[in-house]
Amino acid sequence: MAALSSEFGDLVEIKKQLTVIIALCRERGLVHSVKWASELAFALDPLPMKELPPPPPFTEEDSQDLDAYSLAKSFFDLKEYDRAAYFLRGCRSQKAYFLYMYSRYLSGEKKKDDETVDSLGPLEKGQVKNESLRELRVELSKKHKARELDGFGLYLYGVVLRKLDLLKEAIDVFVEATHCLPLHWGSWLELCNLIENKEMLKSMSFPDTWMKDFFLAHIYTEMQMIEEALQKYQSLINVGFSKSTYIISQIAVAYHNIRDIDKALSMFNELREQDPYRIENMDTFSNLLYVRTMKPELSYLAHNLCDIDKYRVETCCVIGNYYSLRSQHEKAALYFQRALKLNPRCLGAWTLMGHEYMEMKNTSAAIQAYRHAIEVNKRDYRAWYGLGQTYEILKMPFYCLYYYRRAHQLRPNDSRMLVALGECYEKLSQLVEATKCYWRAYSVGDVERMALVKLAKLHEQLNESDQAAQCYVIYIKEIFECGELLEQVELSTAFRYLGQYYFKNKQYDDASICAQRCCNYNDAREEGKSLLRQISQVRGQAETPSSDLSLPFIFGPLSAKNTPVRRMSPLNLSSVTP
């Protein structure tokens, strides 16, 4: 079990800290941090009145600014950001200064989003920018150099730097913010979006606080380190956060990321029971229902979310998935476009819209959508994979090889990425690399059960008949074991090849078994009958004893002895270059 901070031994103190940070964030209009901390606080036992923490300290500057702050905060809450900033000019307290700068930042963001929606289509790149960013950076930079920024000011400075694509400086400022104010979730969450890999994460110095455990669990989920993430979340549940809807939702997302659909669906259903009016993460839930082709459940979810709030991004994505499942791709794309008008940085909507354009054979629009998704989050393997698929359709194998490799780096144990890589290498006549990819795809657990067939066909091309036969034998064994016989069209290919292989090697009993099996499939029936006739003609001749590639398991009990697995060296893709 993952080790947690020693601070989790005192949940009363953690509850007090959460109560304090909720009040501080609410005063500054940081609504998402308020919501996150409130969800955690709700999962802990209520504090008795005598244990409630005192209100935040009130300075002389706060007193001087109180009237202006109260008036401006009322305008801020009504999203009248310019009006709020106007009445906060000249205020000197930390709280009022933050609200002044934050109002200016949000005003610029609102104008940018309004202009984007008014003047641009959802796929047009556009150069609409927040015009206030440069001014804010100059002013905050001066305060930063003078060491006059508190934890909230550092957070805002980091956000401004990130928006200006000054990512290295932004990371340093956010790390400083976590040391200055460890309880503010916003700074940790920004770091989750900026840290690109494990090495970068290990090189950073974070404060030793219980918040760090929530941050690590979150970033492990983002980086597809799902086992470590689940261990962290389980540890957090064990120390007292078992009622946290935030943790339940994160575990559900983690199971979704590793395609453990049953467990993910179970967690989302539990989440819906505890928080029936929740909209957050429901787009991910709808992805699972889509994959399972659960039309009634997806329809119910879409109607339910419409009743709660039809103009939320997640609602639009759920409705888009519903229409996509009904093969109404134009309508689906329309709803994903609506989601993007509501939030142009919605990662899921960009990716899903790319999928819809792929279904409509509009590859140029699909490429643009996937590229937007990558701009929002470089760790979105679905967008990299989608780009690979579009360039594959355009018959540009070097391009699709690059994008599939990026997807594989993000999901090293996902067989779909490896199979796609193998197909690319095959098209480029790099058959050794293709062989490695297919074998690795089988080794990590082949989701679509295609890697062995492709590997066998590759061995056929290379005239390696023994290896091809071994692959087909293992493939047949696994298909019969899992009972997916009707869905596997490649079974006839496998039996047809093995029938000819055994016949050439004078193993007529095994050849006869395979030929009889061929007769069960329309596309191989005639070849099966022809092979049976050939076998009957040579039955009188001396037969060679069957080798260890025999197929008794198709009719009898399974055992490890009758499934030879050729030992191959593990794949190291780091040396493979497109």
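Residues numbered from 1 in each chain as written. Predicted model: local features only at pLDDT ≥ 70, side-chain atom pairs only at ≥ 80, totals over all residues. Heavy atoms only, no water.

Quick look at a positive patch on the surface
Keep this limit in mind: Only residues whose relative accessible area exceeds 30% and that take part in no salt bridge are eligible for patches, with like-charged residues grouped when within 9 Å of each other and nonpolar side chains (Val, Leu, Ile, Met, Phe, Trp, Tyr) grouped when within 5 Å. Only the protein chains shown count as cover for residues, and the accessible areas themselves come from Shrake-Rupley with a 1.4 Å probe. Salt bridge criterion: a side-chain nitrogen from Lys or Arg within 4 Å of a carboxyl oxygen from Asp or Glu. Note on charges: Lys and Arg go in the positive column, Asp and Glu in the negative column, and His and the chain ends are not counted at all. Each charge is placed at NZ for Lys, CZ for Arg, CG for Asp and CD for Glu. Only runs of H or I of at least four residues qualify as helices and only runs of E of at least two qualify as strands under DSSP, and these elements are numbered from the N terminus. To sort residues, take the accessible area from a 1.4 Å probe on protein chains only and compare it with the maximum for the residue type: under 20% means buried, over 50% means exposed, and anything in between is partly exposed.
A contiguous patch of positive charge on the surface is contributed by Lys129, Arg134, Arg137 and Lys145. Following the sequence through the fold, lysine 129 ends up in the loop between helix 5 (94–119) and helix 6 (133–145). According to the relative accessible area criterion, lysine 129 is exposed, its value standing at 53%.

Things to note about the state of the cysteines
Heads up, the rule is: When the sulfur atoms of two cysteines come within 2.5 Å, that pair is taken as a disulfide.
For the coordinates displayed, the defined rule picks out 0 disulfides. Its sulfur unpaired, cysteine 306 is 8.0 Å from the next cysteine sulfur, which belongs to cysteine 316. Taking relative accessible area as the criterion, cysteine 306 reaches 29% and is therefore assigned partly exposed.

Focus on the pattern of salt bridges
Counted under the stated rule, the structure contains 27 salt bridges. Here glutamate 314 makes a salt bridge to arginine 312, at a shortest N to O gap of 3.2 Å. Classification of glutamate 314 by relative accessible area gives buried; the value is 15%. Note that arginine 416 is salt-bridged to aspartate 414, the shortest N-O span being 2.6 Å. Side by side, arginine 416 and aspartate 414 carry an identical accessibility label, which is buried. Taken together, the salt bridges that share partners define one network made up of Lys35, Glu39, Asp275, Arg278 and Glu280.

Examining helix 2 (residues 31–43)
Here is the rule we go by: Each helix should span, by expectation, one fewer than its residue count multiplied by 1.5 Å. Here, residues are in contact when the closest pair of their heavy atoms is within 4.5 Å.
Helix length check: helix 2, at 13 residues, gives a terminal C-alpha distance of 19 Å against a target of 18 Å (1.5 Å per residue), a fit within 8%. Considering only its buried residues, helix 2 is in contact with helix 1 (11–27), helix 9 (185–194), helix 11 (210–222), helix 12 (226–241) and helix 13 (245–257).

Side note on the environment of arginine 278
So the rule is basically this: Whenever two N or O atoms come within 3.5 Å, that pair is a polar contact, provided that in protein one can donate a hydrogen and the other can accept it, and provided that, for residues adjacent in sequence, both atoms are side-chain atoms.
Mapped onto the fold, arginine 278 is located in the loop between helix 14 (261–274) and helix 15 (282–291). Overall, arginine 278 belongs to the buried group, its relative accessible area being 5%. Along the primary structure arginine 278 and leucine 305 are separated by 27 residues, whereas in three dimensions their C-alpha atoms are 8.6 Å apart. Each residue touching arginine 278, except ones within four places of it in the same chain, is listed here: Glu39, Thr245, Ser249, Leu271, Arg272 and Leu305. A polar contact is formed between the side chain of arginine 278 and the side chain of glutamate 39, at a distance of 3.4 Å. A polar atom in the side chain of arginine 278 sits 3.2 Å from the backbone oxygen of glutamate 280.

Side note on the side chain of arginine 379
Along the chain, the position of arginine 379 falls in the loop between helix 20 (363–376) and helix 21 (381–393). Relative accessible area serves as the criterion here: at 9%, arginine 379 is assigned to the buried category. A distance of 2.5 Å separates a polar side-chain atom of arginine 379 from the backbone oxygen of cysteine 192. With residues near it in sequence (within four places) discarded, arginine 379 still touches Cys192, Asn193, Ile195, Glu196, Glu222, Met223 and Leu410.

Structural notes on the nonpolar core
Heads up, the rule is: Each nonpolar core is a collection of buried residues, namely Ala, Val, Leu, Ile, Met, Phe, Trp, Tyr and Cys, held together in the definition by side-chain atoms within 4.5 Å.
Judged by nonpolar contacts, the single largest core of 190 residues is most densely connected at Phe214 and Phe215. Discounting residues that sit within four places of it in the chain, phenylalanine 215 has contacts with Trp185, Trp188, Leu191, Cys192, Ile195, Leu201 and Phe206.

Points about the packing of aromatic side chains
Our working rule: For Phe, Tyr and Trp, where Trp contributes only its six-membered ring, two rings pair if their centres lie within 6.5 Å, and the inter-plane angle classes them as stacked under 30 degrees, edge-to-face over 60, or tilted in between. When the NZ atom of lysine or the CZ atom of arginine is within 6 Å of a ring's centre and also within 35 degrees of its normal, the charge is said to sit over that ring.
Applying the stated criterion across every chain yields a total of 33 aromatic pairs. Measuring from centroid to centroid gives 6.3 Å for tyrosine 155 and phenylalanine 174, while their planes differ by 50 degrees, and the two rings are tilted. Pair noted here: tyrosine 155 is in helix 7 (residues 151–163) and phenylalanine 174 is in helix 8 (residues 167–180), with a separation of 19 residues, a long-range link. Consider the rings of tyrosine 402 and tyrosine 403, whose centres lie 5.1 Å apart with planes at 75 degrees: the pair is edge-to-face. With a relative accessible area of 6%, tyrosine 403 lands in the buried category. An aromatic cluster of three or more residues is present, and its members are Trp36, Trp185, Trp210, Phe214, Phe241 and Tyr246. Directly above the ring of tyrosine 86 sits arginine 89, whose terminal nitrogen or CZ lies 3.9 Å from the centroid. Residue placement shows lysine 143 over the ring face of tyrosine 97; its charged tip is 4.6 Å from the ring centre.

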